[in-house]
Amino acid sequence: MRVVENLNQALHEVLAANPRAFLLGEDVLDPYGGAFKVTRGLSTSFPSQVITTPISESAITGVGAGLALCGDTAIVEIMFSDFVTLAFDQIVNFAAKSVSMYGTRVPMRLIVRLPTGGGRGYGPTHSQSLQKHFIGVPGLDVYEMSPLHDNRDVLARMIAAERPCVFFEDKVLYTKRMHEVDDLFTWDLTDGLARVHVDTPPDCVIIAPGGVTHRALAAMRRLLLEQEIVCTLLVPSRLHPLDAAPLVAVAREAKSVVVAEESTAGGTWGAEVAHVLHRELWGVLRNPVALAHSADSIIPTAGHLERAVLLTETTIHDTVLESLK
Amino acid sequence: MTTDLDRLLLIRHFEHALLDLFAKGELNGTTHTCLGQEIVPVALAPLLGPDDRVFSNHRGHGHYLARFDDPAGLLAEIMGREGAVCDGVGGSQHILREGYLSTGVQGESLPVAVGAALHLRGSGALACAYIGDGTWGEGAVYESLNLAALWGLPLLVVVEHNGIAQTTPTELAMSGTIAARCAAFGVAHTALPADDVSEIRTVLTPLVSAVRTGSPLVVEFAVNRLGPHSKGDDTRSGVSELRDWYREMSDVAGFAEADARARDLVGSVVREVKARPLSTWGRHAVGRDA
């Protein structure tokens, strides 16, 4: 099953389980079924729960928050995550604060879905990875889709948490297969943390959000076959707040740690993860935690230019080598 | 029995008491009083039911006191004392209580009110959002009007048009009119003076009924802001010559007695709340629904 089908199935299950669950977004109706086909079939199966909207990211996010405030479950699709800046006020100043600023915690089931990332030649305003702008907002959870995490479980966890969240979905994942991992490695999943490894203690631990999974695996394969460098990959489903304890436990045993993400340089999620690891493992780590990310640049459109900016398998490969020097 | 006059006077004296407390350095932060605008929420109060959801803004003390007979809870919220509506976390402009929510960013509540109206559609209840004339500078207002009309939602937008946004007069901030902007979205609009409580109710009763069946409405009240934007920041001259219901009603029979009662009530609430211990924040407790 492809990732897009798994996510589609997860959304079907959410809407089927609760007639007071709604999905709102632009162009989400059948037969189109959303710009990336994630919502295909939903409006046919649940016509009163799937609402097509005008191009009004701020309002539709606010509408989702209003539904959630009234006890409904609201899933808002922003067509490209780049446009979430238009809804930043509703997410940061309304939804995230409403669960926390009125004295007691107000449960709100609001999921803002964000097709994200580059590699498809969509250019500077349709290719970004804006996760870092949502890290550290009190009351807001940040999740990222992964081919190793069943989206049915991920959505169930978001809904059970009753906290507003943003869900970054790397667009390149949609057409990949679920749970498909290179034969060299085995993988497991514990409490939302996926671990891909070989049967040997790792030289390097790579921590990455779901969208980077395949690039990290490709780098790991090359490092193992060409240089006999053993890596373990850790992919958390929720990027923030981060459950650091299992990362610390694995990182403690390795010679180096690399945090890899597609965000452009500066103020990254990886910097936050590195800070946590440095605090927990100061004096234990042999080297500073290394960061791999895209360049400090807008994301160009032409393929050769885009590849020069974005995080690639090679970026991760080289960062791992550097971290072990 | 609390009369409309009692309610108006309670709000008036409550707001004066806040400015007084600020002047004495007894309040933390800031506040926005609704001096001069009290008639609007008092007139609307009986038109709104317990299932309706009210969205208030930064200038919301009157909205709260017209809906809940709870000056002590509100003052405790503003002073961070025990018994505060939201444990003193939200303060003057961030209050949540059953069917009532205020928040401090201009225009932000309207999309949320649209969401609440979508939730309520068909139930006979409505979402009511108070905004000011200055709020019409925010794009979220127009996205919301579009959705409310498009989806036939029970949304009542109450505009307290006081002619000034902080220090900026409307004529420096608004091109055209609110009426024309509503017309562009096919949203019903009615303009009213905020002079007479019963007259307002007579006009609005049938219109609010129509809102309940899915015809969104913008009611624009002409009001005077008699106080500063927050405290001590009024740049206007001639404020004392603006019309004031308090002055105009002062020769009504029973006014002086009601005025004294409200003054005493607020005075005793201030003394009582000031004496309370500081509020505590149970920040992880799951609590009240909106």
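Residues numbered from 1 in each chain as written. Chains lettered and ligands numbered in written order. Predicted model: local features only at pLDDT ≥ 70, side-chain atom pairs only at ≥ 80, totals over all residues. Heavy atoms only, no water.

When helices and strands are counted, chain B shows 10 helices and 9 strands. In terms of principal-axis extent, the alpha carbons of chain B reach across some 50 × 50 × 40 Å. With 290 residues in all, chain B has 56% of them scored as buried. Across chain B, every contact between residues at least 6 apart in sequence was considered, and the portion connecting residues at least 24 apart equals 75%. On chain B, roughly 11,600 Å² of surface is accessible, and the fraction owed to carbon and sulfur atoms is 53%. For chain B, the distance from the average position of its 24 positive side-chain charges to the average position of its 35 negative side-chain charges is 4 Å. (Helix = DSSP H or I, 4+ residues; strand = E, 2+ residues; numbered from the N terminus. Buried < 20%, exposed > 50% of the residue type's maximum accessible area, 1.4 Å probe, protein only. Contact = heavy atoms within 4.5 Å. Areas by Shrake-Rupley, 256 points an atom, 1.4 Å probe, with all protein chains shown as cover. Lys, Arg positive; Asp, Glu negative; His and termini not counted. Charge placed at Lys NZ, Arg CZ, Asp CG, Glu CD.)

Turning our eyes to something else, we now look at the overall build of chain A. The secondary structure content of chain A amounts to 10 helices and 13 strands. Taken against the 2.2 N^0.38 rule, which gives 20 Å for 325 residues, the C-alpha radius of gyration of chain A at 19 Å falls within 12% of a compact globule. Principal-axis analysis of the C-alpha atoms gives chain A an extent of 55 × 45 × 35 Å. Scored against the burial criterion, the 325 residues of chain A give a buried share of 61%. In chain A, 79% of the contacts between residues at least 6 apart in sequence involve partners at least 24 apart. Of the roughly 11,800 Å² of accessible surface on chain A, 54% is carried by carbon and sulfur atoms. When the 27 basic and 37 acidic side-chain charges of chain A are each reduced to a single mean position, those positions are 1 Å apart. (Rg over C-alpha atoms; globule rule 2.2 N^0.38 Å.)

With that out of the way, let us pick up the domain arrangement of chain A. All names here are of chain A. The domain boundaries assigned to chain A delineate domain 1 (3-173) and domain 2 (186-323). Using C-alpha coordinates to define each centre, domain 1 is positioned 26 Å away from domain 2. Domain 1 puts 29 residues into the contact, and the matching count from domain 2 is 35 residues. It is Lys132, Leu148 and His149 in domain 1 that bury the most area against domain 2; as a group they hold 27% of the surface buried on that side. (Domains from an automatic or database assignment. Buried area = accessible area lost by both parts, 1.4 Å probe.)

Attention shifts here to the pairing of strand β10 (residues 231-236) of chain A. All names here are of chain A. Here β10 lies mainly inside the structure; 6 of its 6 residues are buried. Covered by surrounding structure in β10 are Cys231, Leu233 and Val235 together with Thr232, Leu234 and Pro236, the residues of both alternating faces. Across 4 bridges, the pairing between strand β8 (residues 193-197) and β10 is antiparallel. If you follow Arg195 over to β10, its bridge partner there is Leu234. Of the pairings in the sheet, the one linking strand β9 (residues 204-207) to β10 comprises 4 bridges and is parallel in character. Each bridged residue has a counterpart across the sheet, and for Cys204 the counterpart in β10 is Cys231. Chirality of the crossover, the property in question, places the unit of β9, helix α6 (residues 213-227) and β10 among those that are right-handed. (Pairing = 2+ DSSP bridges. Right-handed = clockwise from strand over helix to strand, strands pointing away.)

On to the interface of chain A and chain B, then. Contacts between chain A and chain B engage 30 residues on the former and 37 residues on the latter. In total, about 2,600 Å² of surface goes out of reach between chain A and chain B, with carbon and sulfur atoms giving 65% of it. Considering only the surface of chain A that becomes buried against chain B, Leu69, Cys70 and Tyr102 of chain A emerge as the three largest contributors, covering 24% of it. Where chain A meets chain B, there are 0 salt bridges. When contributions to the side of chain A that touches chain B are tallied by element, the ones reaching two or more residues are β2 (50-52), α3 (57-69) and α4 (88-98) of chain A. In terms of residue count, α3 of chain A provides more of the side of chain A that touches chain B than any other element does, 9 residues in total. (Salt bridge = Lys/Arg side-chain N within 4 Å of Asp/Glu carboxyl O.)

The subject of this paragraph is the nonpolar core. Ile207 and Leu277 of chain A together with Trp136, Leu156 and Phe221 of chain B are the most contacted members of the largest nonpolar core, which totals 177 residues. The greatest single-element share of this core, amounting to 10 residues, is contributed by helix α1 (residues 4-23) of chain B. Here this core gathers at least three residues from each of two domains, domain 1 (3-173) and domain 2 (186-323) of chain A. Beyond its immediate chain neighbours, meaning those up to four positions away, Trp136 of chain B contacts Ile131, Val141, Tyr142, Leu145, Val159, Met174, Ile178, Arg181, Cys182 and Val218 of chain B. Listed in part, the 28 residues of the second largest apolar core include Val181, Ile206, Val212 and Val258 of chain A. (Core = buried A, V, L, I, M, F, W, Y, C linked by side-chain atoms within 4.5 Å.)

Attention shifts here to the UniProt feature "domain: Transketolase-like pyrimidine-binding" (unreviewed entry) in chain A. Feature annotation in UniProt assigns "domain: Transketolase-like pyrimidine-binding" (unreviewed entry) to the following positions: residues 1-176 of chain A. Secondary structure over residues 1-176 of chain A splits into 31% helix and 18% strand, and the C-alpha atoms at its two ends are 8 Å apart. (UniProt positions renumbered as here; feature names shortened; annotations may be inferred.)

Take the sheet that holds strand β6 (residues 165-170) of chain A next. All names here are of chain A. In spatial order, the strands read β2-β1-β3-β4-β6-β5-β11; together these 7 strands make up an open sheet with mixed pairing. Strands at the two margins of the open sheet, each flanked by one partner only, are β2 and β11 (238-240). Taken over all neighbouring pairs, the strand axes of this sheet differ in orientation by 25° on average, direction set aside. Bridging between strand β1 (residues 21-25) and strand β3 (residues 73-77) involves 5 bridges; their strand directions are parallel. By the bridge assignment, Ala21 is partnered in β3 with Thr73. (Axes fitted to C-alpha atoms, helices over the stretch in contact; angles between N-to-C directions.)

It is worth spelling out the sheet that holds β8 of chain A at this point. Residue and element names in this part refer to chain A. What the 6 strands build is an open sheet, ordered β7-β8-β10-β9-β12-β13; its pairing is mixed. For this open sheet the edge positions go to β7 (186-190) and β13 (290-294), each flanked by a neighbour on one side alone. The average angle at which neighbouring strand axes cross in this sheet is 20°, direction not considered. Inspection of the sheet shows β7 paired to β8 by 5 bridges, in the antiparallel sense. Across the sheet, the residue bridging to Asp188 is Arg195, located in β8. Strands in contact with α6 are β8, β9, β10 and β12 (256-264); relative to β10, the strand with the most contacts, it is inclined by about 170°. Most of the contacts of helix α8 (residues 269-281) go to β12, to which it runs at about 155°, and overall it touches β9, β10, β12 and β13.

So, about unusual backbone geometry. Residues and elements named next belong to chain A. Residues Asp30 and Pro31 are joined by a peptide bond in cis, for which omega reads 10°. In this structure, Pro31 sits in the loop between β1 and α2 (42-45). Backbone geometry places Glu162, a non-glycine residue, at a positive phi of 55°. Structurally, Glu162 can be placed in the loop between α5 (151-161) and β6. When its relative accessible area of 24% is taken as the criterion, Glu162 is described as partly exposed. Unusually for a residue other than glycine, His179 sits at a positive phi of about 55°. Mapped onto the elements, His179 comes out in the loop between β6 and β7.

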